[in-house]
Amino acid sequence: MAEQTHVLFVEDDDVIREATQLALERVGFAVTAMPDGLSGLEAFRADRPDIALLDVMVPGLDGVSLCRRIRDESTVPVIMLSARADSIDVVLGLEAGADDYVTKPFDGAVLVARIRAVLRRFGHAGGDRAEADPSAVDGGVLTFGELEVDTEGMEVRRAGQPVALTPTEMRLLLEFSSAPGTVLSRDKLLERVWDYGWGGDTRVVDVHVQRLRTKIGQDRIETVRGFGYKLKA
């Protein structure tokens, strides 16, 4: 029997927490549900889940701060839950290291689809372990100035020093590396990196590009206003 994917779910609303836990367990996930950020952090450290689902507004340790604590220790995928799509909390969560977010109230089927999309990017699929397929980029080491991208070993170096990237950041860099000098639109990056088969919030792309720039060099990825981004060859 395939091993279940373990979801850490942190939500202070009892009704939402219990209903969502049941919905996730019904489709095959193992769920640890916690009512506040501090107990969520303890559960993360004890259980090492495959994915964390964090509400922004939880007591004790808010979801954004919890995301930062998790990101300090792990590259496990994180999805934030926010009550407002236009909230600054969305950007703060992404800047803290979250890989995606879902707006509340959410449909259970949509949430499951978004979780599975993230899991596919990280080498899981629908509750079962799966081989990761990080990119269609051919094997080898690609060099862009002082930046080296090992597409087989999934390693990045800048001026000879290793650069620690989350899997989402790595996939984003691989997309750019596969077509240096080519402008990639936000919608195309959402489709290829985030596995969105529908329209998504381009802030997810913008924040991840900025996070990537801080690690590989601010000038390495160029903004082409009105069109998207490109990697300088």
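Let us look at the structure shown here. Predicted model, so just to flag it, every value in this text is computed and none were measured. (Residues numbered from 1 in each chain as written. Predicted model: local features only at pLDDT ≥ 70, side-chain atom pairs only at ≥ 80, totals over all residues. Heavy atoms only, no water.)

What to know about the sheet that holds strand β11 (residues 161–162)
Next, step 1: If you trace the four strands from one edge of the open sheet to the other, you get β8-β9-β10-β11, paired in antiparallel fashion. Every other strand in the sheet has two partners, leaving β8 (141–144) and β11 as the edge strands with one partner each.
Next, step 2: Examined bridge by bridge, β8 and strand β9 (residues 147–150) share four bridges and lie antiparallel to one another. Counted as the bridge partner of V141 is D150 from β9.
Next, step 3: Packing against the sheet, helix α6 (residues 167–178) makes contact with β8, β9 and β10 (155–158), and its axis sits at approximately 105° to β9. (Pairing = 2+ DSSP bridges. Helix = DSSP H or I, 4+ residues; strand = E, 2+ residues; numbered from the N terminus. Contact = heavy atoms within 4.5 Å. Axes fitted to C-alpha atoms, helices over the stretch in contact; angles between N-to-C directions.)

What about helix α7 (residues 186–193)?
Next, step 1: Turning to α7, its buried residues number three or more, namely L189, L190 and V193. Down the axis, α7 shows its buried residues gathered within 105° of arc, on one side only. Within α7, the exposed residues directed more than 90 degrees away from the buried face are D187 and E191.
Next, step 2: Lining the buried residues of α7 we find α5 (108–121), α6, α8 (203–216) and β13 (228–231).
Next, step 3: Following α7 by one or two positions, D195 adopts a phi angle in the positive range, close to 60°. (Buried < 20%, exposed > 50% of the residue type's maximum accessible area, 1.4 Å probe, protein only. Arc of directions from axis to C-beta.)

A look at the pattern of salt bridges
Next, step 1: In the structure shown here, the tally under the stated rule is 14 salt bridges.
Next, step 2: The partner of D55 in a salt bridge is K104, with the nearest N and O atoms 3.2 Å apart. Highlighted residues: D55 in strand β3 (residues 51–55) and K104 in the loop between β5 (100–103) and α5, separated in sequence by 49 residues.
Next, step 3: As a salt-bridge pair, D100 and R114 come within 3.2 Å of each other at their nearest N and O atoms. With D100 in strand β5 and R114 in helix α5, this pair connects stretches of sequence that are 14 residues apart. For the pair D100 and R114, one class covers both residues: buried. (Salt bridge = Lys/Arg side-chain N within 4 Å of Asp/Glu carboxyl O.)

Quick word on the nonpolar core
For soluble globular proteins, the rule of thumb is that nonpolar side chains tend to be buried together.
Next, step 1: Ranked by internal contacts, the top residues of the largest apolar core, which has 49 residues, are L54, M80 and F176.
Next, step 2: If you tally residues by element for this core, the top one is α8, at six residues.
Next, step 3: Excluding residues within four positions of it along the chain, M80 makes contact with L54, V56, G63, V64, C67, G93, A98, D100, Y101 and V102.
Next, step 4: Counting residues in hydrophobic clusters, the runner-up holds 16 residues, among them F9, I51, L53 and L119. (Core = buried A, V, L, I, M, F, W, Y, C linked by side-chain atoms within 4.5 Å.)

All we've got here are geometric facts, nothing functional implied.
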